[in-house]
Amino acid sequence: RVRALKIFSVVHITAPGQEQDAADLPGNQYPTMDQLAEIVGEVADFHNVGRFVGFGVGAGANVMLRYALKNEKRVRALVLSGICTEAPGWYEWGLRKVSQLQLKASGVMSQFTERMLIESYFCSKTLSENLDLVNTYRKHLSTHLNVHNFTLFQGSYTARRTLVPQLSPKFKPPILLLAGNDSWHLEQIEDMNGSMDRSTCEYMKVYHAADLIHEEHPNKIAEAFLLYLQGLGYGVGLTLELSSLSRGANK
């Protein structure tokens, strides 16, 4: 166990309409990825947060990096897991286009979309050996995710612009990049790692993992996150009881 909540304030940001059992958002317009990044600043302002360490996963990592690129002074550091830094290639664009058409036509979660998401979340080992975890996410997608809202969100995500031209070794906030070896965006993550200042950017590849590394290997990610924070000078002296985090995925 980590007594982190006695030291840190934690603010969890969910994209509009993506919370569990959300009601339909009005209309068919959704914030762009850049507009979602602006929401990060608005939430920080609302909670009177000054500088902070940002943790983002997948699309959330993309949003967090977008915010940091325009607000370097406010970001103490970033932990980015499974980030995509480029616009979608033809393969991803095609998958998401088919998904969008099916979701808009039916209004319910399609088998195609569920499979696409699950196979991006988890590696083959998890899919075959950790059925409890996989089925928990399947249930969320089929029962608790608002399909209308997700369709709008996925449209914005698919229309994302590349961040590569904005990335520079001069980017000041320290970054910890996390990638599963089965991640769809592994090559992009490794390219980003190679382009950044080696004194401020660290990279950790986790095997037998895809994009939801924190679910597949919670012990490893919790330990890495704590050590990273301690390297920044926070939470020195905190210890982690790894057994308390085990969910059957760390084998």
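Calculation notes
The residue numbers shown here count from 1 along each chain, following its written sequence. It should be noted that, the model being predicted, local features are given only for residues of pLDDT at least 70 and side-chain atom pairs only at 80 or more, the latter also being counted only at that level, while totals for whole chains, interfaces and linings use all residues. Hydrogens are left out, water is left out, and the side-chain values use all remaining heavy atoms of the structure. Each helix is a run of H or I in the DSSP string that is no shorter than four residues. Each strand is a run of E no shorter than two, and both are numbered from the N terminus. In this setup the radius of gyration rests on C-alpha atoms only. A globule is expected at 2.2 Å times the number of residues raised to 0.38. Relative accessibility decides the category of a residue: with a 1.4 Å probe and only protein chains considered, values under 20% of the type maximum give buried, values over 50% give exposed, and everything between is partly exposed. Any two residues whose heavy atoms approach within 4.5 Å are treated as being in contact. Note on areas: Shrake-Rupley, 1.4 Å probe, and residue coverage restricted to the protein chains presented here. For the purpose of counting charges, residues Lys and Arg are taken to be positive, whereas Asp and Glu are taken to be negative. His and the chain ends are not included. One atom stands in for each charge, and that atom is NZ of Lys, CZ of Arg, CG of Asp or CD of Glu. Strands are treated as partners if at least two bridges between them are detected by DSSP. For the purposes of this section, nonpolar cores are sets of buried Ala, Val, Leu, Ile, Met, Phe, Trp, Tyr and Cys residues that join through side-chain atoms within 4.5 Å. In the sections that follow, a salt bridge refers to a side-chain nitrogen of Lys or Arg positioned within 4 Å of a carboxyl oxygen of Asp or Glu.

**Student:** Tell me about the overall build of the protein, residues and numbers included.
**Tutor:** Regarding its fold elements, the protein presents 10 helices and four strands. Ordered by position from N to C terminus, the α and β elements of the protein give α-β-α-β-α-α-α-α-α-β-α-β-α-α. A compact globule built from 251 residues would reach a C-alpha radius of gyration of about 18 Å, and the protein, at 18 Å, matches this within 12%. Over its C-alpha atoms, taken along the principal directions, the protein stretches across nearly 55 × 40 × 35 Å. Of all 251 residues assigned to the protein, the portion counted as buried reaches 45%. Considering only contacts in the protein between residues 6 or more positions apart, those separated by 24 or more positions represent 73%. A total of about 13,400 Å² of accessible surface is found on the protein, and carbon and sulfur atoms cover 53% of it. Across the protein, the centroid of the 25 positively charged side chains sits 4 Å from that of the 25 negatively charged ones.

**Student:** Residues and numbers for the pairing of strand S1 (residues 52-57), please.
**Tutor:** Because side chains alternate across S1, one face comprises the buried residues Phe-52, Gly-54 and Gly-56, and the other comprises Val-53, Phe-55 and Val-57, none of which is buried. Across six bridges, S1 lies against strand S2 (residues 75-81) in parallel orientation. Looking at S2, one finds that Gly-54 is bridged to Leu-78.

**Student:** Residues and numbers for the nonpolar core, please.
**Tutor:** Inside soluble globular proteins, nonpolar side chains tend to come together where they are buried. Ranked by internal contacts, the top residues of the largest apolar core, which has 50 residues, are Leu-65, Leu-78, Leu-80, Ile-175 and Met-192. Per-element tally for this core: the top contributor is helix H2 (residues 59-70), with eight residues. Excluding residues that lie within four positions of it along the chain, Leu-80 makes contacts with Gly-56, Ala-61, Met-64, Leu-65, Ile-175, Leu-176, Leu-177, Leu-178 and Met-192. Counting 10 residues, the second-largest nonpolar core is a separate cluster that includes Ala-77, Ala-209, Ile-221 and Tyr-228.

**Student:** Residues and numbers for the pattern of salt bridges, please.
**Tutor:** If charged atoms from side chains of opposite charge come close, those side chains can pair. Throughout the structure, instances matching the rule amount to nine salt bridges. Between Asp-34 and Arg-66 there is a salt bridge whose closest N-O contact spans 3.1 Å. Placement of Asp-34 in helix H1 (residues 33-46) and of Arg-66 in helix H2 is noted, with a sequence separation of 32 residues between them. In this structure Asp-34 comes out as partly exposed when scored by relative accessible area, which is 21%. Overall, the relative accessible area of 4% leaves Arg-66 in the buried class. With its nearest N and O atoms 3.0 Å apart, the salt bridge here joins Glu-129 to Lys-125. Linking Glu-129 with Lys-125, this pair stays in helix H5 (residues 124-129), spanning four residues, or about one helical turn. Linked by salt bridges that have partners in common, Asp-34, Arg-66 and Arg-161 make up one network.

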